[in-house]
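Structure assessment
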Amino acid sequence: MSYITDTFIPYAKILTPLLLEGLWITIYISAFAFVISVILGAILAIIQHFHVKLLSQMARIYVSYFRGTPLLIQLFLFYYGLPMVFDVMKRCPKTFALVLCLGLNSAAYISESIRGAIESIDKGQYEASLAFGLSHYQMMTKIILPQAAVAAVPPIVNSCLDIIKMSSLGMTIGIQDIMGEAQLTAATYYKTFETYILAAVFYWILALVLGMLQKKVEQKVGSAYQK
């Protein structure tokens, strides 16, 4: 008990404001990366679903690469490797590099989630939509995609959670997010255990908040199909 009152709580008072500063950076990075991943993931899913010539093959290669290689290697290649080839990349901000790598990486997973959700819709609904004279655009926007969204929400939210957790890799290139602040403070005060316990709590809270948002989104999206 004396450890908590004499050591942990006083140190938590020092560390918590620093982690709060890092929290906003984590949220900022994760939010922008998530927007990029959803937009790009949807485009990749539609390209693969409709088997667009050449583009579908490029999309499959893209998905295979970003799913088959570690994010850390992708980040290092982008931030440290490309500046050795292209001089313009030497001026690339750290935050932009992390946001882009997170977005590109997560888009590969989200595209598979969306594609799977679209292909889970019964083929009879495609035929019925065309039989009623709907165009392909009307069929997708009014019939197929609204139903696919119900199935796609959980894996997409999981991808968002993965983005939040993977954003911690930003510390490897000097970004002071939650993990960056934790690493710096742990090295300063030599309190590794206490530091990372508190950092874990911050990530856990973000996950809980995201879980509550997921339930609300699922209720909203699925309300039209509830009996």
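Residues numbered from 1 in each chain as written. Predicted model: local features only at pLDDT ≥ 70, side-chain atom pairs only at ≥ 80, totals over all residues. Heavy atoms only, no water.

Across its full length, the protein holds eight helices and zero strands. When its helices and strands are written in sequence order, the protein yields α-α-α-α-α-α-α-α. If one aligns the C-alpha atoms of the protein with their principal axes, the spans along those axes are about 75 × 50 × 25 Å. Looking at the protein as a whole, 37% of its 227 residues are labelled buried. Intrachain contacts of the protein at a sequence separation of at least 6 include 74% that bridge at least 24 residues. (Helix = DSSP H or I, 4+ residues; strand = E, 2+ residues; numbered from the N terminus. Buried < 20%, exposed > 50% of the residue type's maximum accessible area, 1.4 Å probe, protein only. Contact = heavy atoms within 4.5 Å.)

Turning to the environment of Ile73, a few remarks are in order. Topologically, Ile73 is positioned in helix H3 (residues 71-85). For Ile73, a relative accessible area of 45% gives the class partly exposed. Between the C-alpha atom of Ile73 and that of Ile29, which follows or precedes it by 44 residues, the distance is 19 Å.

One finds Leu19, Ile178 and Leu198 to be the most contacted residues of the largest nonpolar core, which totals 19 residues. Elements supplying a minimum of two residues to this core: helix H1 (2-49), helix H6 (136-166), helix H7 (178-189) and helix H8 (192-222). Setting aside its immediate chain neighbours within four residues, Leu19 contacts Ile178, Glu181, Ala182, Leu198, Ala199 and Phe202. Ile29, Phe78, Tyr79 and Leu98 belong to the second-largest nonpolar core, a separate cluster that totals 16 residues. (Core = buried A, V, L, I, M, F, W, Y, C linked by side-chain atoms within 4.5 Å.)

Our focus in this paragraph is the environment of Phe193. In this fold, Phe193 is placed in helix H8. The exposure class of Phe193 is exposed, given its relative accessible area of 54%. Taking the C-alpha atoms as reference, Phe193 lies 9.9 Å from Phe8; in sequence the two are 185 residues apart.

With the rule as written, the count across this model stands at five salt bridges. The salt bridge partner of Glu112 is Arg115, with a shortest N-O separation of 2.7 Å. With Glu112 and Arg115 both in helix H4 (residues 94-119) and three residues apart, the pair spans about one turn of that helix. (Salt bridge = Lys/Arg side-chain N within 4 Å of Asp/Glu carboxyl O.)

Tracing the backbone shows Leu100 in helix H4. Residue classification places Leu100 among the partly exposed positions, given a relative accessible area of 21%.

As a further point, take the packing of aromatic side chains. Aromatic ring pairs are defined here through the distance separating the ring centres and the angle between the ring planes. According to the stated counting rule, one finds six aromatic pairs in the structure shown. For the pair Tyr79 and Tyr80, a centre-to-centre distance of 5.1 Å together with 75 degrees between the ring planes defines the contact as edge-to-face. Given a relative accessible area of 18%, Tyr79 falls into the buried group. Residue class for Tyr80 comes out partly exposed when judged on its relative accessible area of 41%. Ring pairs connect the aromatic residues Tyr62, Tyr65 and Phe66, which therefore count as one cluster. (Phe/Tyr/Trp six-rings, centres within 6.5 Å; stacked < 30°, edge-to-face > 60°.)

When pLDDT is averaged along the protein, the result is 88; 96% of the residues meet or exceed 70. Mean pLDDT across the elements of the protein ranges from a minimum in helix H5 (residues 123-131), with 77, to a maximum in helix H2 (residues 55-68), with 94. (pLDDT = per-residue confidence, 0-100.)

This paragraph deals with the packing of H1 against H2. Between H1 and H2, the least distance of the axes is 8 Å, while the angle of their chain directions is 130 degrees. Comparing their axes, H2 and H1 come out oblique. The crossing of H1 and H2 is left-handed. On H2, the residues touching Leu40, Leu44, Ile47 and Gln48 of H1 are Leu55, Ser56, Ala59, Arg60, Tyr62 and Val63. (Axes fitted to C-alpha atoms, helices over the stretch in contact; angles between N-to-C directions. Parallel < 35°, antiparallel > 145°, perpendicular 65-115°, else oblique. Left-handed = near helix turned anticlockwise from the far one by under 90°.)

With that settled, consider H6. In a regular helix each residue adds 1.5 Å, so 31 residues correspond to 45 Å; H6 covers only 37 Å between its end C-alpha atoms and thus falls short of that length. Maximum bend of H6: about 45 degrees, positioned at Ala152, with proline Pro154 one to four residues after it. All of the buried residues along H6 are Met139, Met140, Ile144, Ala148, Ala152, Val153, Ile156, Val157, Ser159, Cys160, Ile163 and Ile164. (Expected span 1.5 Å × (residues − 1). Bend = angle between axes of the 7 residues up to and from the residue.)

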